[in-house]
Amino acid sequence: MLDAICLFDESNPITYSIFKFQKLSDTDIEKYRQTLICPACSGKAYYRKASKDGKAACFGSRYHQAGCREFKPSQSKEREELHAIEVNQLLADSDAMIIDFSRQPRLSRGSVNKGKQEPAKLAQNAQTQKPEPISTSESEAKAADRPSLSTNAKATDSGAGEAELRGGQAASGEKRIAKEGLEKLLHSLMRGSELAESDLWVYTDEKYRWRAKNLFVNFADAEPTETGAPRMYWGTISHVDKELLWLNPADSKEVGIPIDKIAAPLMHKFGLDERRDFEGAAIILFGKCFWNKAKNRKIIQLWSNDLNRIYISKLEENE
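Caption draft 1: Examining the overall build of the protein chain more closely. For the protein chain, the count of helices and strands is 8 helices and 18 strands. When the 319 residues of the protein chain are sorted by exposure, 52% land in the buried category. Across the protein chain, the fraction of contacts at a sequence separation of at least 24, relative to all contacts at a separation of at least 6, is 63%. Total accessible area on the protein chain is roughly 15,300 Å²; 48% of this is exposed by carbon and sulfur atoms.

Pasting the structure below:
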């Protein structure tokens, strides 16, 4: 996008060209960048500064409405849309879902960034896996935080193990238990799947479950919980500070995500080589929300600083 509307003063919206915006002082850029929207569809927007190797500064959005003239198709966006289709099918076919925090992305980071996935592979990934019965011998007890399935359950993932899912499920008949990783769940949320409004039971381990509509929370709707209960928070990263202490969501300037203790391994895991790589990236994490001491900012803390419980979807350079 070459233009974006700044709503820092909502009574006086200002349209900035990318050329004008990047000439602002660093202070003004930091002040305005979390209040940008798409000039065509009003979706939340982000600003990416020029890169060290000469890539131009730009505006962008992960929230374009259908038919928005600013939306530019890409290989990664097609993949995200297919993930949304798969998750919607999962919601229709399943009685519950287990989040597999140990699951790695299906594509390597290099193939995703270069956009070289074959169309046939995309189509294959879009096909919903049919439920298959799981026997006791296929148990995966070695995964400590991986809930497993009862002998009366069918799993939509052939790698699922066995154990009892507690509470709320019918005693008779086979239960259809889906199992999915963070990558697909994040992409589906970004592309408007029905997951965030669903009544599906979602298990984050053997003991704890939530209705999907209560578990998946966009940063714009994040509120501290009375008991400190965790949620799956998701959205888009606006920027990271120079000291790599905080991730700042584009969805809300009232929210901050501390990364001071995990910055280096986080960047290594998701191929984030410089601060610019964070800008416009999609993110989902399992964590708790609470107020800072001054009660003027909401902090979302990654649960146990466990990198298996966070996923960042880095932008392609042509997005």
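Caption draft 2: Examining the layout of surface pockets more closely. Roughly 340 Å³ of internal volume is contained in the second largest pocket. Contributing to the lining of the second largest pocket are 13 residues, with Y63, H64, Q65, A66 and M190 lying nearest its centre. Across the lining of the second largest pocket, the residue classes break down as 6 nonpolar, 4 polar and 3 charged.

Caption draft 3: Fine view of the environment of T236. Structurally, T236 can be placed in strand β13 (residues 231-240). With near-sequence residues (within four places) excluded, T236 lies in contact with Y46, R62, Y63, M190, F219, P249, A250, D251, G280, A281 and A282.

Caption draft 4: Just the packing of aromatic side chains, in detail. Taken as a whole, this structure holds 10 aromatic pairs when the rule is applied. Ring centres 5.2 Å apart and planes at 65 degrees place the aromatic pair F8 and Y32 in the edge-to-face group. Of the two residues, F8 is situated in the loop between β1 (3-6) and β2 (14-17) and Y32 in helix α2 (residues 26-32); the sequence distance between them amounts to 24 residues. Where F101 meets F286, the ring centres are 5.7 Å apart and the plane angle is 50 degrees; that geometry is what we call tilted. Linking F101 in the loop between β6 (96-99) and α4 (109-114) with F286 in strand β16 (residues 282-291), this pair joins segments that are 185 residues apart in sequence. Since its relative accessible area comes to 4%, F101 is described here as buried. Overall, the relative accessible area of 4% leaves F286 in the buried class.

Caption draft 5: Structural detail: the pairing of β6. Across the two faces of β6 the burial is the same, with A96 and I98 and M97 and I99 all buried. Across 4 bridges, β6 lies against strand β9 (residues 175-180) in parallel orientation. When the bridges of β9 are listed, A96 appears paired with I177.

Caption draft 6: Broad picture of the confidence of the model for the protein chain. Chain-level statistics for the protein chain give a pLDDT mean of 81 and a share of 78% at 70 or above. Confidence scores differ between elements of the protein chain, with strand β7 (residues 132-133) showing the lowest mean pLDDT of 33 and strand β15 (residues 255-258) the highest of 98. Long-range and interchain partners of residues 107-155, a stretch whose pLDDT sits below 50, account for 103 contacts in this model, where long-range means more than four residues apart. Low confidence marks residues 157-172, where pLDDT is under 50. Its contacts with residues over four positions away, or in another chain, come to 53 contacts.

Caption draft 7: Seen up close, the sheet that holds β1. Strand order in the open sheet formed by 3 strands is β2-β1-β3, and the pairing between neighbours is antiparallel. On the outer flanks of this sheet lie β2 and β3 (36-37), each paired with one strand and no other. With 4 bridges connecting them, β1 and β2 associate as antiparallel partners. Its bridge partner being in β2, C6 is matched across the sheet by I14.

Calculation notes
Residues numbered from 1 in each chain as written. Predicted model: local features only at pLDDT ≥ 70, side-chain atom pairs only at ≥ 80, totals over all residues. Heavy atoms only, no water. Helix = DSSP H or I, 4+ residues; strand = E, 2+ residues; numbered from the N terminus. Buried < 20%, exposed > 50% of the residue type's maximum accessible area, 1.4 Å probe, protein only. Contact = heavy atoms within 4.5 Å. Areas by Shrake-Rupley, 256 points an atom, 1.4 Å probe, with all protein chains shown as cover. 1 Å grid on protein atoms, 1.4 Å probe; cavity = no way out; pocket = protein on both sides within 12 Å on 5 of 7 lines; lining within 4 Å. Points joined across faces, edges and corners; volume = space filled by probe spheres on them. Nonpolar A, V, L, I, M, F, W, Y, C, P; charged D, E, K, R; others polar. Phe/Tyr/Trp six-rings, centres within 6.5 Å; stacked < 30°, edge-to-face > 60°. Pairing = 2+ DSSP bridges. pLDDT = per-residue confidence, 0-100.

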